[in-house]
Amino acid sequence: MSSTDAKLELYDDYASATESMEGQMAVPSAANRNTTDPGAPNFSTLDEPIKDTFLRDVKAVGVKFYHVMIPKEKNTLLRDWDLWGPLILCTFMGTIIQGSANDKGDGGPEFAQFFVIVWFGAMIVTLNSKLLGGNISFFQSVCVLGYCLTPCAVALMVCRIILVAEQTAFLFFLRLLVAATGFGWATYASIIFLGDSQPSNRKALAVYPIFLFYFIISWLVVSHSNV
């Protein structure tokens, strides 16, 4: 091979390498961006007011709460997962259910204890789901388990209202019934969302930790009292 051929081959390789490294570095202009449809490929929040972004996120969280209370649409919590709802519920329930420093017999845990129970419990349930071969991501599972605390939070508010009156055996039974209803609804909703992510022959093994998780939360709800 002559030196001329070698030079031409070298230049050809350089040209092809240069072409392969070239790319479109232009950023889409604001006129080409879609700021109205979150599902669009070019959707961007950089050009919209902060108020619109905040209201859209609040609406998305509210839609997830709605689907937990009426669990018909299964993909909402799994497709657009977030941890805002679980954080709000955990903070709200932990603030109400925490024990009073002046009353050692109120049956409530400290806020940090409740916070650890919720998040550590959700992590254990998620880990168990993954080990059983579940086809769901870690954060999707935590999102579902957190949002499904909504019935337990509603039960806690109702029980808190019942505690305003002087406590009797009937009112304790009523609180127990309310907490049991919240427990059943939370377990049912979480199974609706997470049931299809587990192999059919291992669903029972996946449901048991979920059952235990919400049972502990519901027990804390019904055991909280001002007596």
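Residues numbered from 1 in each chain as written. Predicted model: local features only at pLDDT ≥ 70, side-chain atom pairs only at ≥ 80, totals over all residues. Heavy atoms only, no water.

Student: Describe the packing of aromatic side chains, and please don't skip the residues or the numbers.
Tutor: For the structure on display, the rule yields 10 aromatic pairs. With 5.0 Å between their ring centres and 80° between their planes, Phe183 and Phe211 make a pair best called edge-to-face. A residue pair is termed long-range when its members are at least 10 positions apart, and Phe183 in helix H8 (residues 169-194) and Phe211 in helix H9 (residues 203-223) qualify at 28 residues. Judged by centre distance (6.2 Å) and plane angle (55°), the ring pair of Trp185 and Tyr188 falls under tilted. (Phe/Tyr/Trp six-rings, centres within 6.5 Å; stacked < 30°, edge-to-face > 60°. Helix = DSSP H or I, 4+ residues; strand = E, 2+ residues; numbered from the N terminus.)

Student: Explain the side chain of Gln140 to me, and be specific about the residues and the numbers.
Tutor: Tracing the backbone through its elements, the reader meets Gln140 in helix H6 (residues 138-147). Non-local contacts of Gln140, meaning those with residues more than four positions away in its chain, are made with Leu78 and Trp81. (Contact = heavy atoms within 4.5 Å.)

Student: I'd like a description of the confidence of the model for the chain, backed by residues and values.
Tutor: Summary statistics for the chain give a mean pLDDT of 78 and a share of 72% for residues scoring 70 or more. Element-level pLDDT for the chain is lowest in helix H1 (residues 3-21), with a mean of 47, against a maximum mean of 93 in helix H7 (residues 150-162). Of the regions scoring below 50 in pLDDT, residues 13-32 engages in four contacts with residues more than four places distant in sequence or in other chains. (pLDDT = per-residue confidence, 0-100.)

Student: So what about the packing of H8 against H9? Which residues, and what values?
Tutor: One way to put it is that H8 packs onto H9 with a least axis distance of 9 Å and a crossing angle of 155°. In terms of their interaxial angle, H8 and H9 are classed as roughly antiparallel. In this structure, the crossing between H8 and H9 has a hand that is right-handed. Contacts between H8 and H9 pair Arg175, Leu176, Ala179, Phe183, Ala186, Thr187, Ser190, Ile191 and Leu194 from the former with Val207, Ile210, Phe211, Tyr214, Phe215, Ser218, Val221, Val222 and Ser223 from the latter. Classifying every residue of the contact of H8 with H9 gives 13 nonpolar, four polar and one charged. (Axes fitted to C-alpha atoms, helices over the stretch in contact; angles between N-to-C directions. Parallel < 35°, antiparallel > 145°, perpendicular 65-115°, else oblique. Left-handed = near helix turned anticlockwise from the far one by under 90°. Nonpolar A, V, L, I, M, F, W, Y, C, P; charged D, E, K, R; others polar.)

Student: How would you explain H9 if you had to name every residue and give the values?
Tutor: The end-to-end C-alpha distance of H9 is 30 Å, a good match for the 30 Å that 21 residues give at a rise of 1.5 Å each. Inspection of H9 places Ala206, Pro209, Ile210, Phe213, Tyr214, Ile217, Ser218, Leu220, Val221 and Val222 among the buried residues, and these make up the whole buried set. Contacts made by the buried residues of H9 are with helix H4 (84-97), helix H5 (111-131), H6, H7 and H8. (Expected span 1.5 Å × (residues − 1). Buried < 20%, exposed > 50% of the residue type's maximum accessible area, 1.4 Å probe, protein only.)

Student: Outline the environment of Pro209, listing residues and values.
Tutor: Along the polypeptide, Pro209 turns up in helix H9. On the basis of relative accessible area, Pro209 is assigned to the buried category, the value being 16%. Excluding its chain neighbours within four sequence positions, the residues that come into contact with Pro209 are Val125 and Asn128.

Student: Mind laying out the environment of Gly184, listing which residues take part and the relevant values?
Tutor: Counting through the fold element by element, Gly184 comes out in helix H8. Along the primary structure Gly184 and Ser218 are separated by 34 residues, whereas in three dimensions their C-alpha atoms are 9.5 Å apart.

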